[in-house]
Amino acid sequence: GGEGRARSPPALEVFAYLFASVRVHSARLPKLLLLEATTLRLLADRLAADYETGLQRCSDALAVLDVAEQILLARRPTGARNSELRNVLNTRATVHGFVVGNLLRAYGGVTGTKRDEMRSQIFAAFSDVDHLAARSRGLGDSSFYPLDVTFWVYRDVFEQLPDLTEEERLRLLERMEAVLDAVDESPIESNQMERFQRRAVNLAQLEGNAALSETLATSMRLQGDFSGECLLV
């Protein structure tokens, strides 16, 4: 109950105001900036039905993250600095994903040039997410998290954009395959393995490979994880 209240829009609004006040009237600390941006991202999610407000929250979050990134880039590269910078880059990628989500939700209600503009924005966001994920993984100790963000952005467009051409659908499937294949390049963290396995089930499902998706889901169930089978249901 307490955590739910803390994540309610009114509470998040208070947190966002407090973080912004600290930023304006005190030192700009990357960790606090990251918390402010995360709060704005959560508000964009809670206000997803409000297209304009959701996009504005995302824009505000990206502006705050840009300040945090510039501060960190000016510091000497160390393990601690790189860890903070990875968190900032990962959050930026996630915010771009939320921008895509807002565009997808509004897409069906527009026509003509506005729809064309939204379509261009959706596909342009791919390069932002890809670039940020590559930068994050290039800082050492590669994590599955930025790849996961890339995967769900592609998947959401694949599932929700109503007028994809067959060529575009195939390209999105290829991109999702490439994301999961990239995991082979470095060991995946133990706490991300279940997430990776769910994505593998999801991809097999999207590709229409029922036998593979069921086999993967069964393997997860035998390990005590039923989330793969829930996906199929």
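No experiment lies behind these values; they were computed from the predicted model shown.

What counts, and at which threshold
- Residue indices begin from 1 for each chain and proceed along its sequence in written order.
- The predicted origin of the model limits local features to residues at a pLDDT of at least 70 and limits the giving and counting of side-chain atom pairs to 80 or more, whereas totals for whole chains, interfaces and linings rest on all residues.
- Hydrogens are left out, water is left out, and the side-chain values use all remaining heavy atoms of the structure.
- Here the nonpolar core consists of buried residues drawn from Ala, Val, Leu, Ile, Met, Phe, Trp, Tyr and Cys, with membership extended through side-chain atoms lying within 4.5 Å.
- Categorising residues by exposure relies on relative accessible area from a 1.4 Å probe, with only protein chains included: less than 20% of the type maximum marks a residue as buried, more than 50% marks it as exposed, and the intermediate range marks it as partly exposed.
- Secondary structure counts use DSSP, requiring at least four H or I residues in a row for a helix and at least two E residues in a row for a strand, with both numbered from the N terminus.
- The contact rule is simple, with two residues in contact once any of their heavy atoms fall within 4.5 Å.
- Here a patch means residues that are over 30% exposed by relative accessible area and free of salt bridges, tied together within 9 Å if like-charged and within 5 Å if nonpolar (Val, Leu, Ile, Met, Phe, Trp, Tyr).
- Computed by Shrake-Rupley with a 1.4 Å probe, the accessible areas treat only the displayed protein chains as cover when residues are assessed.
- Salt bridges, as used here, are contacts in which a Lys or Arg side-chain nitrogen is within 4 Å of a carboxyl oxygen on Asp or Glu.
- Neither His nor the chain ends contribute to the count of charged residues, in which Lys and Arg are positive and Asp and Glu negative.
- Each charge is placed at NZ for Lys, CZ for Arg, CG for Asp and CD for Glu.
- Every residue gets a pLDDT, meaning the predictor's confidence in that residue, from 0 to 100.
- Stacked, edge-to-face and tilted labels apply to pairs of Phe, Tyr and Trp rings (six-membered ring for Trp) whose centres lie within 6.5 Å, assigned for plane angles under 30 degrees, over 60, and everything in between, in that order.
- By the criterion adopted, a ring carries a charge over it if an Arg CZ or a Lys NZ lies within 6 Å of its centre and within 35 degrees of its normal.
- Expected helix span is given by 1.5 Å per residue-to-residue step, counting one fewer step than there are residues.

So, about the nonpolar core. Ile-122, Val-157, Met-176 and Leu-180 are the most contacted members of the largest nonpolar core, which has 59 residues in total. Looking at this core, the elements with two or more residues in it are α2 (9-25), α3 (30-46), α4 (51-73), α5 (79-107), α6 (112-137), α7 (145-160), α8 (166-181) and α9 (193-206). In terms of residue count, the dominant contributor to this core is α5 (12 residues). Apart from residues no more than four positions distant in its own chain, Leu-180 is found in contact with Phe-144, Phe-151, Phe-196, Arg-199, Ala-200 and Leu-203.

Where like charges cluster on the molecular surface, the negative patch consists of Glu-174, Glu-177, Asp-181 and Glu-207. Take Glu-174: it is sitting in helix α8.

When the pLDDT values of the chain are averaged, the result is 86; 90% of them are 70 or greater. Considering each helix and strand of the chain separately, the mean pLDDT is smallest for helix α1 (residues 2-6), with a value of 49, and largest for α8, with 94.

Next up on the list: the pattern of salt bridges. For the structure shown, the criterion picks out 13 salt bridges. Residues Arg-119 and Asp-163 are paired through a salt bridge, measuring 3.5 Å at the closest nitrogen-oxygen approach. Taken together, the residues Arg-119 in helix α6 and Asp-163 in the loop between α7 and α8 connect sequence positions 44 residues apart. The shortest N-O distance in the salt bridge between Arg-119 and Glu-168 comes to 2.8 Å. Taken together, the positions of Arg-119 in helix α6 and Glu-168 in helix α8 put the pair 49 residues apart, joining distant regions of the chain. Of the two residues, Arg-119 and Glu-168, neither departs from the other in class, the shared state being buried. Through salt bridges with shared partners, a single ionic network connects Arg-115, Arg-119, Asp-163 and Glu-168.

Turning to its location among the elements, Ser-136 is positioned in helix α6. It is 9.2 Å that separates the C-alpha atoms of Ser-136 and Ser-83, two residues lying 53 residues apart in sequence. Beyond its immediate sequence surroundings of up to four residues, Ser-136 is in contact with Arg-86, Leu-89, Asn-90 and Pro-146.

If you walk through the whole model with that rule in mind, you get 4 aromatic pairs. Ring plane angle 90 degrees and centroid distance 5.7 Å describe the contact between Phe-144 and Phe-196, whose orientation is recorded as edge-to-face. You can see Phe-144 sitting in the loop between α6 and α7 and its partner Phe-196 sitting in helix α9, a full 52 residues away along the chain. The buried category is assigned to Phe-144, whose relative accessible area is 2%. Connected via pairs of aromatic rings, a cluster forms that spans Phe-123, Phe-126 and Tyr-154. One Lys or Arg, Arg-169, reaches over the ring of Phe-158 and ends 4.2 Å from the middle of that ring.

On the surface, Val-14, Phe-15 and Leu-18 cluster together into a nonpolar patch covering about 260 Å² of accessible area. Checked against the element boundaries, Leu-18 lands in helix α2. Here Leu-18 falls in the partly exposed class, since its relative accessible area comes to 46%.

Between its terminal C-alpha atoms α7 stretches 22 Å, which fits the 22 Å expected from 16 residues at 1.5 Å a residue. Burial of α7 is extensive: 13 of the 16 residues sit out of reach of the surface.

A few words on α9. Over its 14 residues, α9 runs 20 Å from end to end, which matches the ideal 20 Å to within 8%, given 1.5 Å per residue. Among the residues of α9, Phe-196, Gln-197, Arg-199, Ala-200, Val-201, Asn-202, Leu-203, Ala-204 and Leu-206 are the ones counted as buried. Check the buried side of α9 and you find it contacts α7, α8, α10 (210-222) and α11 (227-232). Positive phi shows up at Gly-208, right after α9, with a value of about 80 degrees.

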